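A structural walkthrough
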Amino acid sequence: MKNTNLIIGEINTYKTIGVMFNEVLKSIKSEENLLILDNKEEYFGTFKEMLDEKDYTTLVLNLNDTYKSNSYNPLMLPYTYYKNGNKDKAVEMIKEIGLEIFKSSNRNIDPFWENSAADYFLALVLILFKEASSEEINLGSIQTMVSMSDKIVKYFDKLDVLDSIYIAGSAVVYAPKDTRESVVSVMKQKLNEFCVREQLLNNLLGNEIDLTSLKNKTAIFIIGNEKISNLGNILIDQLVNMSLDSNMKFTFYLDGLCDIPMLLELNKMLDKRVKLFVTIRCVDELEDKYGKYVISKFENVVNSVDIVDKDNIMKIGVCNDYPQSKVISGVFFDIRNIVKD
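What comes next concerns the included structure. From a predicted model like this one, the values you see are computed outputs, not experimental measurements. Within each chain, residue numbers correspond to sequence positions counted from 1 in written order. Confidence filtering applies because this is a predicted model: local features only for residues at pLDDT of at least 70, side-chain atom pairs given and counted only at 80 or more, and all residues used for totals across whole chains, interfaces and linings. As a convention, hydrogens and water are excluded, and side-chain values are obtained from all of the structure's heavy atoms.

The next thing to look at is the overall build of the protein chain. Tallying secondary structure elements over the protein chain gives 14 helices and 7 strands in all. In terms of overall dimensions, the protein chain has C-alpha extents of about 75 × 40 × 35 Å along its principal axes. For the exposure calls, accessible area comes from a 1.4 Å probe over protein chains only, and a residue counts as buried if that area is under 20% of its type's maximum, exposed if over 50%, partly exposed in between. Sorting the 341 residues of the protein chain into buried and exposed places 55% on the buried side. Residue contacts are counted whenever heavy atoms from the two residues lie within 4.5 Å of one another. Of the contacts formed within the protein chain by residues at least 6 apart in sequence, a portion of 77% connects residues at least 24 apart. Side chains of the protein chain carry 40 positive and 50 negative charges; the gap between the two charge centres is 2 Å. Each helix corresponds to a stretch of at least 4 residues labelled H or I by DSSP, and each strand to a stretch of at least 2 residues labelled E; elements are numbered beginning at the N terminus. Charge assignment: positive for Lys and Arg, negative for Asp and Glu; neither His nor the chain ends contribute. Where a charge sits is defined by one atom per residue type, namely NZ (Lys), CZ (Arg), CG (Asp) or CD (Glu).

Right, let's get into the packing of aromatic side chains. We call Phe, Tyr and Trp rings a pair once their centres come within 6.5 Å, taking the six-membered ring for Trp, and we label the pair stacked below 30 degrees between planes, edge-to-face above 60, and tilted otherwise. Throughout the structure, instances matching the rule amount to 13 aromatic pairs. Taking the centre distance of 5.3 Å and the plane angle of 80° together, the rings of Phe 21 and Phe 47 count as edge-to-face. On the criterion of sequence distance, the pair formed by Phe 21 in helix H1 (residues 15-29) and Phe 47 in helix H2 (residues 43-53) is long-range, its members being 26 residues apart. When sorted by exposure, Phe 21 lands in the same class as Phe 47, which is buried.

Within the secondary structure layout, Ile 28 lies in helix H1. Residue Ile 28 is classed as buried on the basis of its relative accessible area, which comes to 0%. Through-space distance from the C-alpha of Ile 28 to that of Lys 177 is 55 Å; in sequence the pair is 149 residues apart. Setting aside chain neighbours within four positions, we find Ile 28 in contact with Leu 34, Phe 47, Met 50, Leu 51, Lys 54 and Tyr 56.

To continue, consider the layout of surface pockets. The method is simple in principle: a probe with the dimensions of a water molecule rolls over the atoms, and the space it marks as empty is what remains. Cavities and pockets are found on a 1 Å grid laid over the protein atoms alone: a cavity is a set of points where a 1.4 Å probe fits but cannot escape, a pocket is an open set with protein on both sides within 12 Å along at least five of seven lines, and a lining residue has an atom within 4 Å of such a point. Grid points are joined across faces, edges and corners, and a volume is the space filled by probe spheres set on the points. Its boundaries defined by the atoms lining it, the second largest pocket holds a volume of some 430 Å³. Those elements that provide at least two residues to the lining of the second largest pocket are H1 and strand S6 (276-280). Among the elements that take part in the lining of the second largest pocket, H1 stands out by supplying 3 residues, more than any other.

The subject of this paragraph is helix H6 (residues 139-146). Burial within H6 is extensive, with 7 of its 8 residues counted as buried. Structurally, H6 contributes buried residues whose contacts are with helix H4 (87-102), helix H5 (111-131), helix H7 (149-157), helix H9 (177-195) and helix H10 (198-203).

In the contact formed by H6 and H9, the axes pass within 10 Å of each other and the chain directions differ by 145°. When you trace H6 past H9, the crossing you get is left-handed. Here Leu 139, Gly 140, Ile 142, Gln 143 and Val 146 of H6 lie close against H9, whose contacting residues are Val 184, Met 187, Lys 188, Leu 191, Asn 192, Phe 194 and Cys 195. In this analysis an axis means a line fitted to C-alpha atoms, helices contributing only their contacting stretch, and an angle means the value between N-to-C directions, from 0 to 180 degrees. Left-handed describes a crossing whose near helix is turned anticlockwise from the far helix by less than a right angle; the clockwise case is right-handed.

Formed by 90 residues in total, the largest nonpolar core has its most connected members in Leu 35, Phe 121, Ile 142, Phe 156, Phe 252, Leu 254 and Leu 286. The element that contributes the greatest number of residues to this core is H5, accounting for 11 residues. Sequence-distant contacts of Phe 156, defined by excluding residues within four places in its chain, comprise Ala 123, Ile 127, Ile 165, Tyr 166, Gly 169, Ser 170, Val 173 and Tyr 174. Note on terminology: a nonpolar core comprises buried Ala, Val, Leu, Ile, Met, Phe, Trp, Tyr and Cys residues joined through side-chain atoms within 4.5 Å. Judged by nonpolar contacts, the second largest core, of 25 residues, contains Leu 25, Leu 34, Met 314 and Tyr 322.

This part covers the side chain of Lys 217. Tracing the backbone shows Lys 217 in the loop between H10 and strand S4 (218-223). According to the relative accessible area criterion, Lys 217 is buried, its value standing at 18%. Polar side-chain contacts of Lys 217 include one of 2.5 Å to the backbone oxygen of Lys 54. Not counting the four nearest positions on each side in its chain, Lys 217 is found in contact with Glu 31, Asn 33, Lys 54, Asp 55, Tyr 56 and Thr 57. Definition of a polar contact: a pair of N or O atoms within 3.5 Å, with one able to donate and the other able to accept a hydrogen when the atoms are protein atoms, and with sequence-neighbouring residues admitted only if both atoms are side-chain atoms.

It is worth spelling out empty space enclosed by the protein at this point. One pass over the full model with this rule turns up 1 cavity of 30 Å³ or more. For the largest cavity, the calculated volume is near 30 Å³. Lining the largest cavity we find Leu 37, Leu 63, Ile 222, Gly 224, Ser 229, Gly 232, Asn 233 and Ile 260. Class assignment of the residues belonging to the lining of the largest cavity gives a composition of 4 nonpolar, 4 polar and no charged. Residues are grouped as follows: Ala, Val, Leu, Ile, Met, Phe, Trp, Tyr, Cys and Pro are nonpolar; Asp, Glu, Lys and Arg are charged; every other residue, Gly included, is polar.

On to the sheet that holds strand S5 (residues 250-255). Pairing between strands requires that DSSP locate at least two bridges from one strand to the other. Read across the open sheet, the 7 strands follow the order S3-S4-S2-S5-S6-S1-S7; overall the sheet is parallel. Every interior strand has two partners, whereas the edge strands, strand S3 (57-62) and strand S7 (300-303), have only one. Neighbouring strand axes in the sheet, compared pairwise and without regard to direction, differ in orientation by 15° on average. The pairing of strand S1 (residues 4-8) with S7 spans 4 bridges and is parallel. Directly across from Asn 5, in S7, lies its bridge partner Asn 300.

We now examine the packing of H4 against H5. At a minimum axis distance of 8 Å, the contact between H4 and H5 shows a crossing angle of 135°. When the axis of H4 is compared with that of H5, the two are oblique. Regarding H4 and H5, the two cross each other, and that crossing is right-handed. Contacts between H4 and H5 pair Val 91, Ile 94, Lys 95, Ile 97, Gly 98, Leu 99, Ile 101 and Phe 102 from the former with Glu 114, Asn 115, Ala 117, Ala 118, Asp 119, Phe 121, Leu 122, Val 125, Leu 126 and Phe 129 from the latter. Of the residues contributing to the contact of H4 with H5, the split by class is 13 nonpolar, 2 polar and 3 charged. Roughly parallel means an angle under 35 degrees; roughly antiparallel, over 145; roughly perpendicular, 65 to 115; everything else is oblique.

The grouping of Val 161, Leu 162 and Ile 167 at the surface amounts to a nonpolar patch, some 340 Å² of accessible area in total. Mapped onto the secondary structure, Val 161 falls in the loop between H7 and helix H8 (164-173). Each patch is built from residues that are more than 30% exposed by relative accessible area and take part in no salt bridge. Like charges join if they lie within 9 Å; nonpolar side chains (Val, Leu, Ile, Met, Phe, Trp, Tyr) join within 5 Å. Exposure was quantified through the Shrake-Rupley algorithm and a 1.4 Å probe, taking into account, for residues, occlusion by the shown protein chains and nothing else. Each reported salt bridge corresponds to a side-chain nitrogen of Lys or Arg within 4 Å of a carboxyl oxygen of Asp or Glu.

Function cannot be read off these values alone, since they describe shape.
Pasting the structure below:
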């Protein structure tokens, strides 16, 4: 196998147990850091015990059962960049989070609304980074701010027009009322998917999956949920950027790539030759999502039936040793404390 590998095969062609499992086994033996998209919960059960024996740190972002998940705050990595003085990198990452959250799978929808929502999200996060305490940096605070448009307007009224917050959000803040309310409606609808679920919001307040303090021999599993799987995308995007900026390299196993929303950093992964194994059922579904030229970017494209060794197929294991979610006291930013009437 090369660095960027695409395995194509219909259901029951042993893509997972006949190809991917063997590659994961090689990665563990080589003590590589791993990120595994495990929507069917096949990899965790099969490899958890082996990872423990090899002294791996195993982390799970479980979007299917949020009571069996480590916590993960998607705003903390860009916040770290921001506090360390790399504000341009922070802005880039915040904008990417916004696009992952607000993008639509429906190509017939005018992208103006999701792009505007992402821009406004960027502005609100930058306000948070500038004005809030570290424990208030979370998506719950953003949802609270979205509901206080009148206070946001007053905050913007005091900004310099060249302030990055003003540049990012003024088009929405000072838009006609109907336009502004439509953008805010898009944001509330998407953010509600995270904030209305009590345990999920709880998991987004902590940061056990702290990308700034990962150590070698780390395995991260993402177990998806169709409605909120963009959180998994954000984690993948951030891990790609973090690993490219450091010596902490990861091997990515994205089994069933087309079952998750379009991954913004896939092209970067392919261009940078990040070690990557992707499975899909057919070429058409990948081209529908990523364009007809994406196949040519993979160094190695194979059909699972052509490379599977049926005499060396691993069995799917069973393991219930999931992390138990911790209860975290939420602290949310209130812009009314800095914007007085």
